[in-house]
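Remarks on the overall topology
In case you want the letters, here they are:
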Amino acid sequence: MTIIKTNIKPFLTVNNAIDAVDFYINAFGAVESKRYLLENNKISSAITIEGAEFYLSDEEPCDGNQTAIQANNTPIRIILETKNADKIFENALKYGALEICPITTEEDWRIGKLKDPFGHIWEIGFPF
């Protein structure tokens, strides 16, 4: 009998998935584990950061799949819990992310907030 573990995996929609994959690899130390080629030089990928998996794809408005930059999308925040928070935060800024809140120590968290070049908000840190 196979035991199925429940997971939630974000699926980020961007306007240039090839550039987004490069950003997450350089800024967050991500690894692209799967790439699917779509029409018009678009892609869909599975990405991991320190073993945590998420997906990303180019926007496909005909399917209702639009980027976070679109005014009608509901914003979400992605929390990346990692002991490498300071290094990842610094790399993200180096590769084009915008700092929202600097990385600091608050009560029982070391955390900072930024917006990646594709419009997604990330809180990067770890609890004590």
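Shown above is the structure to which this text applies.
Conventions adopted
Residues numbered from 1 in each chain as written. Predicted model: local features only at pLDDT ≥ 70, side-chain atom pairs only at ≥ 80, totals over all residues. Heavy atoms only, no water. Pairing = 2+ DSSP bridges. Helix = DSSP H or I, 4+ residues; strand = E, 2+ residues; numbered from the N terminus. Axes fitted to C-alpha atoms, helices over the stretch in contact; angles between N-to-C directions. Contact = heavy atoms within 4.5 Å. Buried < 20%, exposed > 50% of the residue type's maximum accessible area, 1.4 Å probe, protein only.

1. As for the sheet that holds strand 5 (residues 77-81)
Spatially, the 4 strands line up as an open sheet ordered 5-8-7-6, and their pairing is mixed. Here the strands that pair on one side only, and so sit at the sheet edges, are strand 5 and strand 6 (98-106). Each adjacent strand pair in this sheet contributes to an overall mean axis angle of 15°, direction not counted. Most of the contacts of helix 2 (residues 85-94) go to strand 6, to which it runs at about 165°, and overall it touches strand 5, strand 6, strand 7 (109-115) and strand 8 (121-127).

2. Details of unusual backbone geometry
Its identity is not glycine, yet Asn40 carries a phi of approximately 60°, on the positive side. Position of Asn40 relative to the elements: it lies in the loop between strand 2 (31-37) and strand 3 (43-49). Judged by relative accessible area, Asn40 falls into the exposed class, the value being 67%. One non-glycine residue, Glu50, lies in positive phi territory at about 50°. Secondary-structure assignment places Glu50 in the loop between strand 3 and strand 4 (52-58).

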